[in-house]
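Coordinate inspection notes
Spelled out, the chains give:
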Amino acid sequence: MSFADLPEDNQRQILSSIPCPVDRGRMSLVCRSWRRVIRRHRGQLEGRLLQPPPPLPWLLLCAPSPLWLGLGSDRAACVLSGGRVHHFLDVAPHHARFFGSHDGAWLLLDAGYPRAAAPRAINVRTGAVRDLPREVHSPTDQRLHRMVIHAAALSHSPEDARCVGAAIVTSWRDCATLSPRRRGIALWFRDCPWAFGVVPPGEGDVPFDAEDVIYLRQSGAFAFVTRGNHLRLCMPFRGQDNLLEAVEWQTRRFRPRVRLDVRARYLVVSGGELLMVVRFIPHPDHQPTSKFKVFRMIKRNDADADANDFPVDQYPLAWSQLDTLRGRMLFVGHGCSRSYKVDEYPGFEAGVYFLDDGMFYDDAVIFGNGDATRYPCCDNGNWTEDGRVQRCFPRSDLSDHSAPVWLLP
């Protein structure tokens with residue numbers, strides 16, 4: 001019996017087990033009768049005004065495919081398709097280095113070489129391109145310095161006039177020697193040819209060693225998490241000619257905790273709440289990811305056991321570990337972490353999807369150390385609430401130009 005001859009309930013059950021629209025599209029190419037069935041079921045969903053869940057991110061693997069295959073330069077593995085690769089993309093320049101992404105299939109990238117860095121946003125779906133700043137106005141000497149962007153977050157689509165960008169960058173004054181190099185924060189507005197370096201006010205024992213950045217839509221601020229687990233909130237104000245008029249800073253101080261096995265920290269908004277996701281590796285370094293912990297922000301009180309060592313008036317907040325992910329799937333990546341409801345995706349379970357971004361901030365990698373295979377690209381997978389780490393994506397070859405990145409359809 002053909003698929004087209006099955007009862008509608010059976011057809012609907014089969015199609016519900018194929019959530020990826022690309023897989024359904026390929027299925028519709030088998031024959032006309034299958035195509036009519038798939039089109040009819042899609043029309044029934046639209047007629048009932050059922051809103052499909054948002055598409056899950058694709059993992060963009062940056063190792064090039066063999067030239068003789070005639071395929072695109074990068075492969076995208078689809079979570080809805082069980083981690084299988086069925087997208088070959090050729091939208092980025094050769095040796096592009098990705099430093100983030102934005103909803104609507106936008107990729108943030110540059111040429112991969114610091115001296116030739118030409119940051120831009122490219123839309124995989126439409127082919128649209130928006131240039132991003134390659135220079136940052138230094139607040140110390142009031143000059144323009146060249147920069148590379150490690151991680152960036154956008155407030156709106158790059159094509160939206162309201163778009164504001166915030167990034168963790170390394171800048172330098174001497175283009176011949178790429179020195180002296182300085183890690184810092186850059187902000188920019190759309191259509192402004194350069195970014196603005198900003199320095200948060202001093203906060204004593206809260207150094208500004210930012211590790212991740214996210215845009216908080218409700219407040220209109222960018223949040224940075226430091227290696228000490230503190231938060232710095234930054235709200236830029238636009239002046240005339242898209243210039244930076246002022247920056248409002250807030251510091252949220254958390255009870256200090258020291259862990260030597262932390263590989264990365266990520267910020268993600270889930271259910272309207274800002275969470276911190278911490279990624280752990282076995283000690284010593286350079287080992288695969290072993291586990292994740294997810295934390296929510298709480299207020300401390302004077303009854304805390306360590307209130308004498310870390311006074312509550314000085315450190316009024318703490319990160320409290322969640323016992324459960326509350327039915328959420330978290331996709332973590334610097335500047336582009338996202339949260340999705342599990343119950344909207346039959347067959348999936350709560351967990352954390354992660355990618356191999358371990359060299360994201362390594363200056364020796366960004367500025368070259370003579371190693372042609374600098375990005376391992378192999379520590380990708382899924383961590384579930386019962387502690388399992390699954391390598392659910394195809395193993396990637398080493399890349400000489402970029403770490404993997406989430407593509408947000």
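It should be noted that the structure appears before, not after, this text.
An account of the accompanying structure is given in this report. The structure displayed is predicted, hence computed values, not measured ones. (Residues numbered from 1 in each chain as written. Predicted model: local features only at pLDDT ≥ 70, side-chain atom pairs only at ≥ 80, totals over all residues. Heavy atoms only, no water.)

Description of the overall build of the protein chain
- When its secondary structure is counted, the protein chain shows four helices and 26 strands.
- Taken over 409 residues, the protein chain has a buried fraction of 50%.
- Restricting the contact set of the protein chain to residue pairs at least 6 apart, pairs at least 24 apart contribute 53%.
- Carbon together with sulfur atoms contributes 51% to the accessible area of the protein chain, which is approximately 19500 Å² in total. (Helix = DSSP H or I, 4+ residues; strand = E, 2+ residues; numbered from the N terminus. Buried < 20%, exposed > 50% of the residue type's maximum accessible area, 1.4 Å probe, protein only. Contact = heavy atoms within 4.5 Å. Areas by Shrake-Rupley, 256 points an atom, 1.4 Å probe, with all protein chains shown as cover.)

A look at the pairing of strand β1 (residues 58-61)
- Judged by which residues are buried, β1 turns out to be covered on both faces: Trp-58 and Leu-60 on one side and Leu-59 and Leu-61 on the other are all buried.
- Summarising the sheet, β1 and strand β26 (residues 405-407) pair through three bridges and their orientation is antiparallel. Opposite Leu-59, over in β26, you have Trp-406 as the bridge partner. (Pairing = 2+ DSSP bridges.)

Description of the sheet that holds strand β5 (residues 106-110)
- Overall, antiparallel pairing links the four strands, which are arranged β4-β5-β6-β7 in an open sheet. Single-partner strands in this sheet number two, and they are β4 (97-102) and β7 (129-131). Taken over all neighbouring pairs, the strand axes of this sheet differ in orientation by 25 degrees on average, direction set aside.
- Sheet topology note: the strand β6 (residues 120-123)/β7 ladder contains three bridges and is antiparallel. Paired with Ile-122 across the strands is Val-129, a residue of β7. (Axes fitted to C-alpha atoms, helices over the stretch in contact; angles between N-to-C directions.)

A look at the packing of aromatic side chains
- The full count for this structure, using the stated rule, is 12 aromatic pairs.
- Linked through ring pairs, Phe-331, Tyr-340, Tyr-345, Phe-348, Tyr-353, Phe-393 and Trp-406 together constitute an aromatic cluster.
- If you follow Lys-291 out to its NZ or CZ, it ends over the ring of Phe-280, 5.3 Å from the centre. (Phe/Tyr/Trp six-rings, centres within 6.5 Å; stacked < 30°, edge-to-face > 60°. Lys NZ or Arg CZ within 6 Å of the ring centre and 35° of its normal.)

Looking at the environment of Trp-106
- Considering the arrangement of structural elements, one finds Trp-106 in strand β5.
- Among the residues examined, Trp-106 registers a relative accessible area of 3% and is labelled buried.
- Along the chain, Trp-106 and Ile-122 lie 16 residues apart, while their C-alpha atoms are 5.5 Å from each other.
- Non-local contacts of Trp-106, meaning those with residues more than four positions away in its chain, are made with Ser-101, Ala-121, Ile-122, Asn-123, Ala-128, Arg-130, Ser-157, Pro-158 and Glu-159.

Remarks on a positive patch on the surface
- Together, Arg-32, Arg-36, Arg-39 and Arg-42 make up a region of like positive charge exposed at the surface.
- You can see Arg-39 is positioned in helix α3 (residues 32-47). (Patch = residues over 30% accessible without salt bridge, like charges linked within 9 Å, V, L, I, M, F, W, Y side chains within 5 Å. Salt bridge = Lys/Arg side-chain N within 4 Å of Asp/Glu carboxyl O. Lys, Arg positive; Asp, Glu negative; His and termini not counted. Charge placed at Lys NZ, Arg CZ, Asp CG, Glu CD.)

A word on the nonpolar core
- Formed by 48 residues in total, the largest nonpolar core has its most connected members in Leu-56, Val-277, Met-329 and Trp-406.
- Filtering out sequence-adjacent residues up to four positions away, Met-329 remains in contact with Leu-56, Arg-338, Ser-339, Tyr-340, Lys-341, Val-342, Tyr-345, Phe-348, Glu-349, Gly-351 and Tyr-353. (Core = buried A, V, L, I, M, F, W, Y, C linked by side-chain atoms within 4.5 Å.)

Re the environment of Phe-98
- Mapped onto the secondary structure, Phe-98 falls in strand β4.
- We classify Phe-98 as buried; its relative accessible area is 3%.
- Separated by 22 residues in the primary sequence, Phe-98 and Arg-120 have C-alpha atoms spaced 9.9 Å apart.

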